[in-house]
Amino acid sequence: MKRLVLLGGGHAHLQVLARFAERRPRGWDALLVTPHPRQIYSGMLPGWIAGHYTLDEISIDLLPLARAAEVGLLLDAATGLDADAGVLHTRHHGSIAFDALSIDVGSGPPHTIPGAAEHGVGIRPIEGFAAAWERLRRQLHDTRGPLHVVVLGAGPGGVELAFGLRHRAIREGWSHLRVRLVGSEATPLPGAPASARTCMADKLREVGVEWEGSRRAAAIESRRIVFEDTGEAAADVCWIVTGAAPVPWLAASGLDTDDAGYVRVNGKLQSLSHANVFAAGDAASHPRPLPKSGVYAVRAGAALARSLLAFCEGMPLTEWRPQRQALYLVSTGDRHAVAVWARWSWQGSWTWRWKDLIDRRFVEGFRQSV
């Protein structure tokens, strides 16, 4: 038996497991290596912060999926990879040899701001962020003095988290909590249509989130953020949603990586340097650059499953052509959302219901497949 290792329990590998439950590659043993027994679905994370969902409702249990697919599950984190030798190094279980490897480990926080690692809370990895949120929630219940939370990064993720936290503060009566959203451009949602950006700025003011645009953090210190324009802001907690960085060991793996350190793949999601290695989601660098977004990771899942089955069975691989535009549904905390597609945008409670339906179906679909 040859061995296929699925590294990481990301969005794409969820669909690989679901596909393998229907049809496994013949003559291959498969092993899923991931540090956590669940995936917390990022699309519903702000809704959990807002109080619309429980943690169980936004989590996908990996063990039943692995069992249904007859894939082993090893709860461990990768610490290194020797692609030439076909060996994966893990924190607690030593080295694991493989004949084929699929990488879906996501990305980590971009600790490019001095003090970010010591004094900030990155959105990635999500398990770490979820634990930090539980600590903050206890702190909010236990203290009545002013507490300032700054969200750094005004893309869809940062905007949703700021709205979600503010909604939760109103719901729980945390009048001592101050929420501030900081972005590098004049209005939130860079790249979105002007109508959507104006709508978001107005909504932030309406609900009581302090907005500071055209600002970049120069350093994150204990209880404050220092900006490049020499100004500063109080920050008992700083959530960092400014982008992503590759897991550090990828650059030393022997795989062909881009300048940032992500695995270069072809249109079949296959490494450009090692034909037996595949990558999807944030870990992959595509021929046509894609945003580090769960939207594209989800869409890549079915294509990755096809490529892995074809490779393992010696069949031709087919190209994956990601969509040119992605639909973004950005929640504003109070069961209201803004939809953004290319140069168009819409908003309303119906948009929230649309997002809620899509998200619930995504999570429930993996529960029903086992």
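Residues numbered from 1 in each chain as written. Predicted model: local features only at pLDDT ≥ 70, side-chain atom pairs only at ≥ 80, totals over all residues. Heavy atoms only, no water.

This part covers helix α9 (residues 349–368). Relative to the 28 Å expected for 20 residues at 1.5 Å per residue, α9 spans 28 Å between its end C-alpha atoms, a close match to the ideal helical length. Three or more residues of α9 are buried, namely Thr 351, Trp 352, Lys 355, Asp 356, Asp 359, Phe 362, Val 363 and Phe 366. (Helix = DSSP H or I, 4+ residues; strand = E, 2+ residues; numbered from the N terminus. Expected span 1.5 Å × (residues − 1). Buried < 20%, exposed > 50% of the residue type's maximum accessible area, 1.4 Å probe, protein only.)

The next point concerns a nonpolar patch on the surface. Together, Trp 341, Trp 344, Trp 346, Trp 350, Trp 354 and Ile 358 make up a nonpolar patch on the protein surface, roughly 640 Å² of accessible area in all. Among the secondary structure elements, those contributing two or more residues to the nonpolar patch are β23 (344–348) and α9. For Trp 341, the location among the structural elements is in strand β22 (residues 337–341). (Patch = residues over 30% accessible without salt bridge, like charges linked within 9 Å, V, L, I, M, F, W, Y side chains within 5 Å. Areas by Shrake-Rupley, 256 points an atom, 1.4 Å probe, with all protein chains shown as cover. Salt bridge = Lys/Arg side-chain N within 4 Å of Asp/Glu carboxyl O.)

Attention now goes to the layout of surface pockets. Taken as a whole, the second largest pocket holds about 330 Å³ of empty space. When grouped by side-chain class, the residues that make up the lining of the second largest pocket number 14 nonpolar, 3 polar and 2 charged. (1 Å grid on protein atoms, 1.4 Å probe; cavity = no way out; pocket = protein on both sides within 12 Å on 5 of 7 lines; lining within 4 Å. Points joined across faces, edges and corners; volume = space filled by probe spheres on them. Nonpolar A, V, L, I, M, F, W, Y, C, P; charged D, E, K, R; others polar.)

This part takes up the packing of helix α6 (residues 156–172) against helix α7 (residues 194–207). Closest axis-to-axis distance for the α6/α7 pair is 11 Å, and the angle between their directions is 20°. One way to sum up the angle between α6 and α7 is to call them roughly parallel. Crossing hand, α6 versus α7: left-handed. Contacts between α6 and α7 involve Val 159, Phe 163, Arg 166 and Ile 170 from the former and Met 200, Lys 203, Leu 204 and Val 207 from the latter. (Axes fitted to C-alpha atoms, helices over the stretch in contact; angles between N-to-C directions. Parallel < 35°, antiparallel > 145°, perpendicular 65-115°, else oblique. Left-handed = near helix turned anticlockwise from the far one by under 90°. Contact = heavy atoms within 4.5 Å.)

Here we come to the environment of Ala 154. With respect to the element layout, Ala 154 can be found in the loop between β11 (147–152) and α6. For the pair formed by Ala 154 and Leu 31, sequence separation is 123 residues and the distance between their alpha carbons is 38 Å. With residues up to four places along the chain from it excluded, the contact list for Ala 154 reads Val 159, Leu 181, Val 182, Gly 183, Pro 188, Leu 189, Pro 190 and Trp 211.

Quick look at the sheet that holds β11 now. Taken in spatial order, the 5 strands of this open sheet run β10-β17-β11-β12-β13, and their pairing is parallel. Each edge of the sheet is formed by a strand with only one pairing partner; in this case those strands are β10 (121–122) and β13 (210–212). Pairing analysis gives 4 bridges linking β11 to strand β17 (residues 237–240), with the strands arranged parallel. Bridge pairing links Leu 152 to Ile 240 in β17. In the packing of α6 onto the sheet, the strands contacted are β11, β12 (177–182) and β17, and the crossing angle to β12 comes to about 165°. (Pairing = 2+ DSSP bridges.)

Under the criterion given, the structure shown has 8 aromatic pairs. Relative to Trp 239, the ring of Phe 129 has its centre 4.9 Å away and its plane inclined at 70°; by these criteria the two rings are edge-to-face. Note that Phe 129 is positioned in helix α5 (residues 126–142) and Trp 239 in strand β17, a separation of 110 residues in sequence. Each member of the pair, Phe 129 as well as Trp 239, carries the same accessibility label: buried. Plain terms: the ring middles of Phe 278 and Phe 311 are 5.5 Å apart, the flat faces sit at 70° to each other, and that makes the pair edge-to-face. Of this pair, Phe 278 sits in strand β19 (residues 277–279) while Phe 311 sits in helix α8 (residues 294–312), placing them 33 residues apart in sequence. Classification of Phe 311 by relative accessible area gives partly exposed; the value is 24%. Taken together through their ring pairs, the aromatic side chains of Phe 129, Trp 133, Trp 174 and Trp 239 make up a single cluster. In this arrangement the basic side chain of Arg 215 is found over the ring face of Phe 227, its NZ or CZ atom lying 4.0 Å from the centre. If you follow Arg 343 out to its NZ or CZ, it ends over the ring of Trp 344, 5.7 Å from the centre. (Phe/Tyr/Trp six-rings, centres within 6.5 Å; stacked < 30°, edge-to-face > 60°. Lys NZ or Arg CZ within 6 Å of the ring centre and 35° of its normal.)

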